[in-house]
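For reference, the chains in residue letters:
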Amino acid sequence: MLGHLSFGVEDLDRAARFYDRILAPLGFERVWSNERGVGFGEKGRGDKLALFARPGQVVAPGAGFHLAFDAPSRAAVDAFHAAAIAGGGQDAGGPGPRPHYGAQYYAAFVIDLDGYKLEAVHQ
């Protein structure tokens, strides 16, 4: 349904390092980079997530918004969460089953360095 998503970050280098770290366990990587932004997606393909430098302008969406990344396994969800916490993110719901979302739903939630709520999910 979505072609890609982009949003602003306070410190592009810091955010790029954070996303490099948390997206690697999910099989995504940085597919382009310049002084204004970075894009992430599957190797050899276009970006699905782009981050752009917007110092002093970043306002993370409030309650109800989050960005969910598909994870290839439960172990990848666990690694995503661990990488986010190690990289300075905040826990917003540790890895585990979420039966109220579905019988096979396994996810973790974090808040990134700019206040965006992120999820990794395997189902």
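How should I be thinking about the nonpolar core in this particular structure?
Nonpolar side chains tend to gather and get buried jointly when the protein is soluble and globular. Y19, I22, L51, F69 and L118 are the most contacted members of the largest nonpolar core, which totals 29 residues. Residue assignment for this core shows that the elements contributing at least two residues are β1 (5–9), α1 (12–23), β3 (37–41), β4 (49–53), β5 (67–70), α2 (74–86), β7 (106–111) and β8 (117–122). Tallying contributions element by element places α1 first for this core, with seven residues. Those residues within four positions of L51 in sequence are excluded, and the remaining contacts are F7, V9, L12, A15, Y19, R36, G37, V38 and F40.

Sorry if this is basic, but what is going on with the side chain of D112 here?
Looking at the secondary structure, you find D112 in the loop between β7 and β8. The side chain of D112 sits in the buried core without any salt bridge; R14 is the nearest counter-charge, 7.4 Å away. Within polar-contact distance, the side chain of D112 engages the side chain of Y19 at 2.6 Å. Within polar-contact distance, the side chain of D112 engages the backbone nitrogen of G115 at 2.9 Å.

Can you help me understand the pattern of salt bridges in this one?
Oppositely charged side chains can form a pair if their charged atoms are brought close together. Inspection of every chain in the model, using the stated rule, returns one salt bridge. Note that R30 and D20 form a salt bridge whose closest N and O atoms lie 2.4 Å from each other. In this pair, R30 is assigned in strand β2 (residues 29–33) and D20 in helix α1, connecting sequence segments 10 residues apart. Judged by its relative accessible area of 28%, D20 falls in the partly exposed class.

Please clarify how the sheet that holds β3 should be interpreted in this entry.
What holds strands together in a sheet is hydrogen bonding between their backbones, with the strands either parallel or antiparallel. One open sheet holds the four strands; their spatial order is β1-β4-β3-β2, and the pairing between them is mixed. Each having just a single partner strand, β1 and β2 make up the two edges of the open sheet. Neighbour to neighbour, the strand axes of the sheet diverge by 25° on average, direction disregarded. Docked against the sheet, α1 engages β1, β2, β3 and β4, running at close to 10° with respect to β3.

Please clarify how the sheet that holds β5 should be interpreted in this entry.
Overall, mixed pairing links the four strands, which are arranged β5-β8-β7-β6 in an open sheet. One side of each edge strand has no neighbouring strand; the edge strands of this open sheet are β5 and β6 (90–97). Direction aside, the axes of adjacent strands within the sheet are offset by 15° on average. Bridge count for β7 against β8 is six bridges, and the pairing is antiparallel.

Scoring rules and cut-offs
Throughout this document, residue positions are counted from 1 along each chain, in the order its sequence is written. Totals for whole chains, interfaces and linings use every residue, but because this is a predicted model, local features are given only for residues with pLDDT of at least 70 and side-chain atom pairs only at 80 or more, for both listing and counting. Excluded from the side-chain calculations are hydrogens and water; all other atoms, namely the structure's heavy atoms, are used. To qualify as a nonpolar core, a set must consist of buried Ala, Val, Leu, Ile, Met, Phe, Trp, Tyr and Cys residues joined through side-chain atoms within 4.5 Å. Only protein chains enter the calculation, and the probe is 1.4 Å; a residue is then buried if its accessible area is under 20% of its type maximum, exposed if over 50%, and partly exposed in between. Only DSSP runs of H or I reaching four residues or more are called helices, and only runs of E reaching two or more are called strands; each is numbered from the N terminus. Contacts are assigned to residue pairs that have any heavy atoms within 4.5 Å of one another. Here the positive residues are Lys and Arg and the negative ones are Asp and Glu; neither His nor the chain ends is included. Every case where a carboxyl oxygen of Asp or Glu lies within 4 Å of a side-chain nitrogen of Lys or Arg is listed as a salt bridge. The definition of a polar contact used here is a pair of N or O atoms within 3.5 Å, where within protein one atom must be able to donate a hydrogen and the other to accept one, and adjacent residues in sequence count solely through side-chain atom pairs. Strand pairing is assigned whenever DSSP detects at least two bridges linking the two strands. Angles run from 0 to 180 degrees between N-to-C directions of axes, and those axes are lines fitted to C-alpha atoms, restricted for helices to the stretch in contact.

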